[in-house]
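Summary of the model geometry
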Amino acid sequence: MKPAPFEYCRPDTLEEALSLLSEFGDDALVMAGGLSLGALLNMRMVRPEVIVDINELEALAQIERIENKIRIGALARQADVLVSADCAAALPLLIAGLHNVGHYQTRSRGTLGGSVAHADPSAETPLCLATMAGEVELSSVRGVRRMAASEFFEGALTTAREGDEMVTALYWPVLGDGAGIAFEEINERRGDFAIVAAAAWARHDGGAFQCGLGLGGVEDHPIGQVESAEGEIEEIAERMASQLVCDLEPLDDRRASAEYRRHLAFYLGQKAMRHALEGAVR
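Everything in this summary refers to the structure shown in the same document. (Residues numbered from 1 in each chain as written. Predicted model: local features only at pLDDT ≥ 70, side-chain atom pairs only at ≥ 80, totals over all residues. Heavy atoms only, no water.)

Considerations on helix 10 (residues 233-246)
Using the following cut-off: In this text, helices come from DSSP runs of H or I with a minimum length of four residues, and strands from runs of E with a minimum of two, each type numbered from the N-terminal end. The span you would expect from a helix comes to 1.5 Å times its residue count less one. Only protein chains enter the accessibility calculation, which uses a 1.4 Å probe; a residue whose area is less than 20% of its type maximum is buried, one above 50% is exposed, and one in between is partly exposed. Here, the arc refers to the directions that run from the helix axis to the C-beta atoms. Contacts were defined at the residue level, with two residues in contact if any of their heavy atoms lie within 4.5 Å.
Over its 14 residues, helix 10 extends 20 Å from the first C-alpha to the last, a length consistent with the 20 Å expected when each residue adds 1.5 Å. Within helix 10 the residues assigned to the buried category are I233, I236, A237, M240, A241, L244 and V245. End-on view of helix 10: buried residues confined to an arc of 145°, all on one side of the axis. Lining the buried residues of helix 10 we find strand 13 (208-216), strand 14 (223-229) and helix 11 (258-279).

Printed below as a string of structure tokens:
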């Protein structure tokens, strides 16, 4: 199949892009990498009146450190983030997650902002953002606002973005030196979306651990929790995995039953959390 007819716009400035979204609202879709959107258009699963291609907006590809956060522009390519010295030093969990995204050919085109805006429940970038309690920057002609990842993801391919807004950046807390991280996933083939994925990080802070654990592919959106924990590593890992899994309502589809997903969620969650805790420098 081929896409239904649409008007194609390629703005030269962010202001022009936001003006188009203000004019067309929900009848417009933003194209960044285009990997997910292109497939949806060809299958006519989406039929926008207007496509707003933002690939000329180079300012949206910047990666910069702002105090204790890394701001990654929505148009930053996955491949560019993987070779960023700032991201390697400050965001090792994101780097680990990106190595599981698609294939190296697709990572040269795919963008972090596009993945977050698309909100596939099995995607690695949204999972890392939720696990690290990151934030999404949304821009419109009305202004700029930031929203916690836990509030932004509402369901499969569904977010809290308003029709005239565009994801313009992602804010990631800096993990810092001595942090332990782990990323685990199970999929049918390498490069496929995960059936279940688990991401974890930990820092030793005095007599306790500051740690985070997240799961993707289990429910219709990524979930994560951050807490301060004391005790033995095995005890902390089991408790956090149990807490995250106990209230889940796992997906049930051709790839995996709900029961199997729940089993994988606990197994991978506990494994990832344990490895992250073991890697945290005391």
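Having seen the model, we can carry on.
Brief notes about helix 11
Here helix 11 contains 22 residues, and its C-alpha end-to-end distance of 31 Å stays within 8% of the 32 Å for a straight helix at 1.5 Å per residue. R261, L264, A265, L268, G269, Q270, A272, M273, A276 and L277 are the residues of helix 11 that are buried. The secondary structure elements touched by the buried residues of helix 11 are strand 11 (180-186), strand 12 (196-205), strand 13 and helix 10.

Some points on the nonpolar core
Stated formally: Among buried residues, the Ala, Val, Leu, Ile, Met, Phe, Trp, Tyr and Cys ones that are joined through side-chain atoms within 4.5 Å form a nonpolar core.
Counting residues in each nonpolar core, the largest one holds 39 residues, and the members touching the most others are I72, V81, L91, L94 and W172. Among the elements that take part in this core, helix 5 (residues 92-98) stands out by supplying four residues, more than any other. Beyond its immediate sequence surroundings of up to four residues, I72 is in contact with Q62, I63, V81, C87, L91, L94, L112, A169, L170 and W172. Counting 30 residues, the second-largest nonpolar core is a separate cluster that includes V196, M240, L268 and A276.

Re the pairing of strand 6 (residues 135-140)
Quick note on the threshold: Think of it this way: DSSP has to see at least two bridges between two strands before they count as a pair.
Along strand 6, five of the six residues are buried, which leaves the element largely enclosed by surrounding structure. Note that strand 6 and strand 7 (residues 143-148) share six bridges and pair antiparallel. The residue bridging E135 from the neighbouring strand is A148, located in strand 7. The pairing of strand 6 with strand 10 (residues 166-173) spans five bridges and is antiparallel. Bridge pairing in strand 10 links L138 to V167.

Quick look at the environment of G155
For G155, the location among the structural elements is in strand 8 (residues 153-155). With 36 residues separating them along the chain, G155 and A119 place their C-alpha atoms 7.7 Å apart. Sequence-distant contacts of G155, that is, excluding residues within four places in its chain, are made with A119, D220 and H221.

Quick look at the packing of aromatic side chains
As a reminder of what qualifies: Aromatic rings from Phe, Tyr and Trp, with only the six-membered ring used for Trp, were paired whenever their centres fell within 6.5 Å, and each pair was classed as stacked if the ring planes differed by under 30 degrees, edge-to-face if by over 60, and tilted otherwise. Our definition puts a charge over a ring when NZ of Lys or CZ of Arg is within 6 Å of the ring centre and also within 35 degrees of the ring normal.
Applying the stated criterion across every chain, the model contains one aromatic pair. On the numbers, 5.3 Å between centres and 80° between planes, the contact of F152 with F153 is edge-to-face. For the pair shown, F152 and F153 are each scored as buried. Lying over the aromatic face of Y171, R146 brings its terminal NZ or CZ to 3.7 Å of the ring centre.

Let's talk about the sheet that holds strand 12
In sheet architecture, strand pairing relies on hydrogen bonds along the backbone and comes in two forms, parallel and antiparallel. The condition is simple: All axes are obtained by fitting lines to C-alpha atoms, using only the stretch in contact for helices, and the reported angles, taken between N-to-C directions, cover 0 to 180 degrees.
Read across the open sheet, the four strands follow the order 11-12-13-14; overall the sheet is antiparallel. Looking at the sheet topology across the chains shown, the edges are occupied by strand 11 and strand 14. Across this sheet, the average inter-strand angle for adjacent strands is 10°, counted without regard to direction. Where strand 12 and strand 13 come together, nine bridges link them in antiparallel fashion. If you follow W201 over to strand 13, its bridge partner there is G212. Packed onto the sheet, helix 11 meets strand 11, strand 12 and strand 13 and runs at close to 30° relative to strand 12.

The values reported here are purely geometric and, on their own, carry no functional implication.
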